[in-house]
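Descriptive analysis of the structure
Here is how the chains run, residue by residue.
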Amino acid sequence: MMLHLVNLLTAILLLLGAGFALVGSIGLARLPDIFTRLHGPTKASTLGVGAILLASILFFSAREGLTLHEFLVSLFLFLSAPVSAHLIARAAIHRRCKSICGAPEDP
Amino acid sequence: MLNAVVLIALTMLSVALLLNAWRLFRGPDATDRILALDTLYINAAAVIVLYGIHTGRSDFFEAALLIALLGFVSTMALAKFLLRGDIIE
């Protein structure tokens, strides 16, 4: 009974996470310029991978006792995603990439 | 039931990986390609975690951690190179 509940929760979290990752990638492929493209994957992917890692924690904790080491991956992703997004945005401004709001101003 | 859901999630992530690869080849600017590569790394880590659930072995997470780490370092190095023309000044 308990294992069924855990399996159901794991399945919901997996679908949620994969859906978020897919939406982020569709945003990356479909949006018009680099600054809007940056918006999709940096938020959706971290949340998607976070949900998948939560599902993995649930799945293995129910079978092999409490395991929390997947939190390391999600913690690292949550810390590193804003930093890399910031650097990519700065590089895009530096290279004067085309924006749908006209040319970017000097930083 | 869980097995079918894992396979569905793997399919969705494969479509996401294909979309990222499309942006990686097409991207008009180098920054687009860096962003696509970064997303590709993160999605690959998710695929490896999913594969770990599929096989029921818990030692796949180390590979996911390693991939996430390498993705961050390479994204930072590439963006830094575009910004400064050099990685370590």
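The structure this text deals with has already been given above.
Residues numbered from 1 in each chain as written. Chains lettered and ligands numbered in written order. Predicted model: local features only at pLDDT ≥ 70, side-chain atom pairs only at ≥ 80, totals over all residues. Heavy atoms only, no water.

**Some remarks on the overall build of chain B**
Which entries qualify depends on this criterion: Helix and strand definitions here come from DSSP, where helices need a minimum of 4 consecutive H or I residues and strands a minimum of 2 consecutive E residues; each element is numbered from the N-terminal end. The globule rule is 2.2 Å times the number of residues to the power 0.38, and the radius of gyration it is compared with is taken over C-alpha atoms. Only protein chains enter the accessibility calculation, which uses a 1.4 Å probe. A residue is then buried if its area is under 20% of the maximum for its type, exposed if over 50%, and partly exposed in between. Any two residues having at least one pair of non-hydrogen atoms within 4.5 Å are treated as being in contact. A residue counts as positive if it is Lys or Arg and as negative if it is Asp or Glu; His and the chain ends are not included. Each charge is placed at NZ for Lys, CZ for Arg, CG for Asp and CD for Glu.
Scanning chain B from terminus to terminus reveals three helices and zero strands. In sequence order, the secondary structure elements of chain B are arranged as α-α-α. Taking 89 residues into account, the globule formula puts the C-alpha radius of gyration at 12 Å, and chain B, at 15 Å, lies well above it. Referenced to the eigenvectors of the C-alpha coordinate spread, the extents of chain B come out at roughly 50 × 30 × 10 Å. Of all 89 residues assigned to chain B, the portion counted as buried reaches 40%. When contacts within chain B are restricted to residue pairs at least 6 apart in sequence, long-range pairs at least 24 apart make up 50% of them. A distance of 7 Å separates the average location of the 6 positive side-chain charges in chain B from that of its 7 negative side-chain charges.

**Brief notes about the nonpolar core**
Going by this rule: Residues grouped as a nonpolar core are buried Ala, Val, Leu, Ile, Met, Phe, Trp, Tyr and Cys residues, joined through side-chain atoms within 4.5 Å.
The biggest cluster of nonpolar side chains holds 30 residues, and the ones touching the most others in it are Leu14 and Ile52 of chain A together with Leu13 and Leu50 of chain B. Listing elements by their share of this core, those giving two or more residues are helix H1 (2-30), helix H2 (34-64) and helix H3 (70-94) of chain A together with helix H1 (2-26), helix H2 (30-55) and helix H3 (61-84) of chain B. Among the elements that take part in this core, H2 of chain A stands out by supplying seven residues, more than any other. Not counting chain neighbours up to four residues away, the residues in contact with Leu13 of chain B comprise Ala18, Ala21 and Ile52 of chain A together with Asn43, Ala46, Val47 and Leu50 of chain B. In this structure, Leu28, Leu87 and Ala89 of chain A together with Ala79 of chain B belong to the second largest nonpolar core, which totals 15 residues.

**Some thoughts on the environment of Leu37 of chain B**
Residue and element names in this part refer to chain B. Within the secondary structure, Leu37 is located in helix H2. Look at Leu37 and you get partly exposed, because its relative accessible area is 28%. Leu37 sits 17 residues away from Asn20 along the chain, and the two C-alpha atoms are 7.4 Å apart. Not counting residues within four places of it along the chain, the set of residues in contact with Leu37 comprises Leu24 and Leu78.

**Examining the environment of Ala21 of chain A**
Along the chain, Ala21 of chain A falls in helix H1. For Ala21 of chain A, a relative accessible area of 1% corresponds to the buried category. Remark: the alpha-carbon pair of Ala21 of chain A and Ala91 of chain A, spanning 70 residues in sequence, is separated by 24 Å. Look past the residues within four positions of Ala21 of chain A in its chain and what remains in contact with it is Ala44 and Gly48 of chain A together with Leu13, Ala16 and Asn43 of chain B.

**Looking at the pattern of salt bridges**
The condition is simple: By salt bridge we mean one thing: a side-chain nitrogen of Lys or Arg within 4 Å of a carboxyl oxygen of Asp or Glu.
Tallied over the entire structure, the rule returns three salt bridges over all chains. Between Arg95 of chain A and Asp29 of chain B there is a salt bridge, and its shortest N-O distance comes to 3.1 Å. Of this pair, Arg95 of chain A sits in the segment after H3 while Asp29 of chain B sits in the loop between H1 and H2, which puts the two residues in different chains. For Arg95 of chain A, a relative accessible area of 35% gives the class partly exposed. According to the relative accessible area criterion, Asp29 of chain B is buried, its value standing at 19%. For Asp59 of chain B, the salt bridge identified is with Arg57 of chain B, shortest N-O distance 3.3 Å.

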